[in-house]
Structure formats: C-alpha cells, structure tokens
Amino acid sequence: MTPLLPVAEALARVLAQASPCQAVMEVALIDALGAVLAEDVSADIAVPGDDNSAMDGYALRAAEAEAPLQVSQRIAAGSSAGAFLQAGTAARIFTGAPIPPGADAVVMQENCEERDGVLAVSGPVVAGQNIRPRGQDIAAGSTVLVRGRVLRPQDMGLLASIGRATARVYRPLRVAVLSTGDELLEPGSAGLERGQLYNSNRYTLAGLVRTLGMTFVDGGIVPDDPDATAQALTDAAAAADCVITSGGVSVGEEDHVKAQVERLGQLDLWKLAIKPGKPLAFGRIGNTPFIGLPGNPTSVFVTFCLIARPFLLQLQGVSEPAPARLYARAMFVVGKPGGRQEYLRVTLGNDGTELQANLFANQSSGVLSSVSHSNALAVIPPGTRVEVGDLLEVIPLDALV
Ligand code: AMP
Ligand code: MG
C-alpha cells in the first residue's frame, strides 16, 4: 500500500502549480471591499497634511505658558493655518485645525481661562503637546499598501485618506463548482426518495468561494455517467478559471471524475493523510486547474479550507500568508492515535486566562452539523494522543470563511 500523502506535502504540490491570474481591472474604491490589490500604492501627499491640533483649546508657545497671553486669532478646522503667532499671544484653536506658525503646543480648553481676550493657563505645558505632526500617519512618498493585499474596510479608508478614488485590483477568479452523484436532489424540489439526499455541497462550496471574494460559477449536479461527466467538466473549464468537483473521486465503479479528467487533461489522485477527507484529485482540464474534493460534506469543508482555499488565493494573487494559528487547551481526550492528520471540530471557549477547545460529539465526516456548530478546527497530527489540558493548534473558522 502506498503511504498516505501528508497534508503539508499536498499543499506544497498544489501551490507549486498556482500561477497567479494576471487580469487586472480598475474599481471604484467604494466597491473595492475584499478585492485583491494589483498595484503597490504610494502616497502623493502626507497625512495629515499639516501639523494640527488634537484638541479644542489654545495654541501657544510652551515657554510662555506661565504668563498671561493675548488671544490674537481664531483657527477652526478647515481654515488655513492663520498668521504667525507673535510672542506673548495665543490662538483659539479647534480639533483638526492647522497649528499657526510660531506656536509649539496646544493646551486643552479645560485647562484654560479666557477673560476679556486674555488667556491664563493652568498646569505644566511642554512643547509638542496636543499637536499631531504632519505626516504622522503617512509620509508623502511612502508605500501605503502593496500588491496582493486583500482590501479590508480600514484599507479602503486608508486609500481614501491619500485621495485615491479607485484601485487597480485583480479580476475576481471564476470558480466552477460541480456536485457529482446520482443520489443528489436540489433542495426546493419535492419528493426526496429513499436513497436520495439533498445536495448540500453545492451550497457550502458556493459560500466558501464567495467568502473569498470570488465568483461562483454554478455547474449544478452531474450524474454518475462518463459522458455527462466529461461534458460538464468541459463546459465548466471553458467558463471558469478553476473547476472544483465534490464526490466521485473514490475508486468505486460510479466514480467517473478521475477517468474523465485524465481523458480531458491531466490528473493526480492522492490519498491524503487527512481526516475528514482522504481522496483528493488535482490536475487540469485543458489548461484550467482542477480540484476534485471528496463527497462527504464535512470532508468537503475541511479539504476545501486546507487545500483548495490556499490554492485559489494564490491563483487570485493574494500574498498574505495563511491565517494566524492559535493554541487552545484540549478539554477532551483522543485515546487512540490516528494515521492521518485530524481536523477535529471544536468550540473555543475561554476560562479568563486561556482558550479551551471543546469537542463536538460526533466527528463523522458525514455530519455537517459538526462544522456548523463549531467555531474552530483543532489540528491533531498523525500518531498523536491527546489528554485533557494538552495544548492544541487550532484554526478559528472565522479566519477561513
Ligand atoms: P462519493 O465520494 O461520491 O462516493 O461520495 C461520498 C459520500 O458523500 C456519499 O455518501 C455521498 O452521498 C455524499 N455526497 C456526495 N456528494 C454530495 C453532495 N453534493 N451533497 C451532500 N452529500 C454528498
Ligand atoms: Mg458519488
């Protein structure tokens, strides 16, 4: 028997084949959420553009703060920096307003008393206080964000702050999803007969693809038939940048995906050292990359997240590394070490000092509830026993979907 392929090795092999898609488009910044930046962006301007006040109060010279000062001008946010601040004077100033030349500190209004145009300040004043220096957020000419960045809300704000109204991003990848199996029925169609089940993988995969900001191309249900499989694969490969199937990659007589992909392109079929999961196919249909996931719904979720997700992200031009991994104390026992790397569905809790992982009771690969009712995957390497209190690597599902 050939040894099972370790998860890390399978991942390395698929990533070696993922050449980033090069198609670039310009989008309005307001619509750029989740898009992948296709350019390095540098700032033409400094942010903030002026030294400005962090407080409502008075701008003055710190060295003069102990003497009474004439209030000589008033500077509101949005106005220009005002006149040079003469010795012995102070300027009434508001948050965000530019500091007048000559001033080197702002005293907040709560520490000031103005009477008949003369200001008295209480408490110590040091040079620089309550002044936000020009360029403290972004220096003019500096690189703000780099290519390969998935744009988050705060990144949209950052680009807006330097005056960008558009961004050059990679065209979202089109990912075709085909669900194989004669036993499948679409939800919404009446009359589930014995032996039939509703097609859940199509929905899980549509959600996973869209969560990555990619376009879901619906390949529907493909019957367990060689010609129908070949036709569906050919159509999907023509319409998408990557084709993903679920089911039909075991070695049973009704598993046609392997033979048809081999006919239309090229295929490796692996037995992965992963649980849930195990059979996984990887190849191409013509020039379109192909990933054949197992059929069991939980295996679909786990193998998509561990293998297909990083592959698709790299294809999409994303440069960010894998999600940060956390560690949590096992609140359960794994008595028998397994031969495959196991991704247990757990719920992370917190006892006030550290994370705790609680095991979902039924870990069968057919039990999709185990994913819905968990919030993390606990990684159990092959050959590992787990005692209560052991520190486990966990991958929060929030980082994946
Ligand atoms: P297969 O690899 O095609 O033998 O499928 C393995 C198991 O996954 C079988 O029990 C199938 O019924 C189940 N399965 C396959 N595809 C789907 C699907 N799209 N939705 C729900 N269950 C599925
Ligand atoms: Mg099947």
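Just so it is clear, the structure is predicted and the values come from calculations on it, not from any experiment.

### Here's the deal with the sheet that holds strand E5 (residues 69-75)
The sheet built from six strands is open, its strands ordered E7-E4-E6-E5-E9-E8 with mixed pairing. The open sheet has two edge strands, strand E7 (105-108) and strand E8 (112-115), and neither has a second partner. Sheet twist, expressed as the average angle between the axes of neighbouring strands with direction ignored, equals 40°. Pairing analysis gives two bridges linking E5 to strand E9 (residues 118-121), with the strands arranged antiparallel. What sits directly across from leucine 69, in E9, is leucine 119.

### A few points about the domain arrangement of the protein
Here the protein is described as being made up of domain 1 (7-22 + 172-316), domain 2 (24-44 + 142-170), domain 3 (52-132) and domain 4 (326-399). Taking only C-alpha atoms, the centre of domain 1 and the centre of domain 2 are 31 Å apart. Counting residues at the interface gives four residues for domain 1, matched by four residues for domain 2. At the boundary of domain 1 with domain 2, total buried surface from both sides reaches about 420 Å², with 57% on carbon and sulfur atoms. Linking domain 1 with domain 2 are zero salt bridges. Looking at the side of domain 1 that touches domain 2 residue by residue, the classes come out as two nonpolar, two polar and no charged.

### Some remarks on the sheet that holds strand E20 (residues 279-285)
Read across the open sheet, the six strands follow the order E16-E13-E17-E21-E20-E18; overall the sheet is mixed. Both edges of this open sheet fall to strand E16 (215-222) and strand E18 (265-271), since each of them pairs with a single strand only. Here the strands of the sheet are splayed against their neighbours by 15° on average, with no regard to which way each runs. Sheet contacts for helix H3 (residues 201-211): strand E13 (174-180), E16, strand E17 (242-246) and strand E21 (288-293); angle to E16, the most-contacted strand, approximately 165°. Helix H5 (residues 257-264) rests against E13, E17, E18, E20 and E21 of the sheet, and its axis sits at about 145° to E18.

### Brief notes about the pattern of salt bridges
In this structure the tally under the stated criterion is 14 salt bridges. With its nearest N and O atoms 3.4 Å apart, the salt bridge here joins aspartate 155 to arginine 152. Taking the relative accessible area as the measure of exposure, arginine 152 reaches 38% and is therefore partly exposed. The partner of arginine 202 in a salt bridge is aspartate 218, and the shortest N-O contact between them spans 2.4 Å. On the criterion of sequence distance, the pair formed by arginine 202 in helix H3 and aspartate 218 in strand E16 is long-range, its members being 16 residues apart. Since its relative accessible area comes to 39%, aspartate 218 is described here as partly exposed.

### Overview of the site of ligand 1
In the region of ligand 1, 17 residues are neighbours, and Glu183, Asn199, Asn201, Gly248 and Gly295 sit closest. Asparagine 199 places a polar side-chain atom, nitrogen or oxygen, 2.8 Å from a nitrogen atom of ligand 1. Within the side chain of asparagine 201, an N or O atom sits 3.2 Å from a nitrogen atom of ligand 1. In this structure, ligand 1 is accommodated by the second largest pocket. Breaking the shell around ligand 1 down by element, the ones donating at least two residues are E13 and strand E15 (197-198). Here the residues of the shell around ligand 1 sort into four nonpolar, 11 polar and two charged.

### Looking at the packing of aromatic side chains
Taken as a whole, this structure holds two aromatic pairs when the rule is applied. Consider the rings of phenylalanine 282 and phenylalanine 311, whose centres lie 5.4 Å apart with planes at 80°: the pair is edge-to-face. Of this pair, phenylalanine 282 sits in strand E20 while phenylalanine 311 is found in helix H6 (residues 297-315), placing the two residues 29 residues apart along the sequence. Classification of phenylalanine 282 as buried rests on a relative accessible area of 7%. Judged by relative accessible area, phenylalanine 311 falls into the buried class, the value being 0%. Ring pairs connect the aromatic residues Trp270, Phe282 and Phe311, which therefore count as one cluster.

Reading the values: the criteria
- Residues numbered from 1 in each chain as written.
- Chains lettered and ligands numbered in written order.
- Predicted model: local features only at pLDDT ≥ 70, side-chain atom pairs only at ≥ 80, totals over all residues.
- Heavy atoms only, no water.
- Pairing = 2+ DSSP bridges.
- Helix = DSSP H or I, 4+ residues; strand = E, 2+ residues; numbered from the N terminus.
- Axes fitted to C-alpha atoms, helices over the stretch in contact; angles between N-to-C directions.
- Domains from an automatic or database assignment.
- Contact = heavy atoms within 4.5 Å.
- Buried area = accessible area lost by both parts, 1.4 Å probe.
- Salt bridge = Lys/Arg side-chain N within 4 Å of Asp/Glu carboxyl O.
- Nonpolar A, V, L, I, M, F, W, Y, C, P; charged D, E, K, R; others polar.
- Buried < 20%, exposed > 50% of the residue type's maximum accessible area, 1.4 Å probe, protein only.
- Near = heavy atom within 4 Å.
- Polar contact = N/O pair within 3.5 Å; in protein donor to acceptor, adjacent residues only side chain to side chain.
- 1 Å grid on protein atoms, 1.4 Å probe; cavity = no way out; pocket = protein on both sides within 12 Å on 5 of 7 lines; lining within 4 Å.
- Sits in = over half its atoms within 2 Å of the grid points.
- Phe/Tyr/Trp six-rings, centres within 6.5 Å; stacked < 30°, edge-to-face > 60°.

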